[in-house]
Amino acid sequence: MAAMGTLIGTPIGMMAGIYLAEFGSRGWLAPVTRFINDILLSAPSIVVGLFVYEVYVIQTGIFPPGPGRWRLR
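The residue numbering used here restarts from 1 in each chain and proceeds along that chain's sequence as written. Two thresholds apply to this predicted model, a pLDDT of at least 70 for residue-level local features and 80 or more for giving and counting side-chain atom pairs, whereas whole-chain, interface and lining totals are computed over all residues. Values reported for side chains reflect all heavy atoms of the structure, with hydrogen atoms and water molecules removed beforehand.

A. Structural detail: the packing of aromatic side chains. The criterion for an aromatic pair is that two Phe, Tyr or Trp rings (for Trp, the six-membered ring) have centres within 6.5 Å, with stacked assigned to planes under 30 degrees apart, edge-to-face to planes over 60 apart and tilted to the rest. Per the stated rule, a full pass over the model turns up 1 aromatic pair. With 5.9 Å between their ring centres and 40 degrees between their planes, Tyr19 and Phe23 make a pair best called tilted. Of this pair, Tyr19 and Phe23 both sit in helix 1 (residues 2-23), 4 residues apart, roughly one helical turn. Helix and strand assignments follow DSSP, with helices taken as H or I runs no shorter than four residues and strands as E runs no shorter than two, numbered in order from the N terminus.

B. Expanded view of the environment of Ala16. Here Ala16 lies in helix 1. Sequence separation between Ala16 and Ala30 is 14 residues, and the spatial gap between their C-alpha atoms is 9.0 Å.

C. A nonpolar patch on the surface, seen in detail. Residues Trp28, Leu29, Val32, Phe35, Ile36, Ile39 and Leu40 make up a contiguous nonpolar surface patch of roughly 720 Å² in combined accessible area. Within the secondary structure, Val32 sits in helix 2 (residues 29-42). Within the patch definition used here, like charges are joined within 9 Å and nonpolar side chains (Val, Leu, Ile, Met, Phe, Trp, Tyr) within 5 Å, considering only residues with over 30% relative accessible area and no salt bridge. Calculation of accessible area relied on Shrake-Rupley with a 1.4 Å probe; when residues are assessed, cover is drawn exclusively from the protein chains displayed. A pairing counts as a salt bridge when a side-chain nitrogen of Lys or Arg comes within 4 Å of a carboxyl oxygen of Asp or Glu.

Structure, rendered in structure tokens:
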């Protein structure tokens, strides 16, 4: 799962960085991307994980597969 996330996230992150470096002063997408990036950099990952757990996992009832699934029920 970590390798798949790395393979997907790395090109997206590099493209976003190149976009902001080259075209960062124009358009509406650059300020939004910078804002989201600032939020992700300022919040600890455990806080973001708990937020996603509260918003998505509990609301949908879809728990992650594997041993953790039995502990959450």
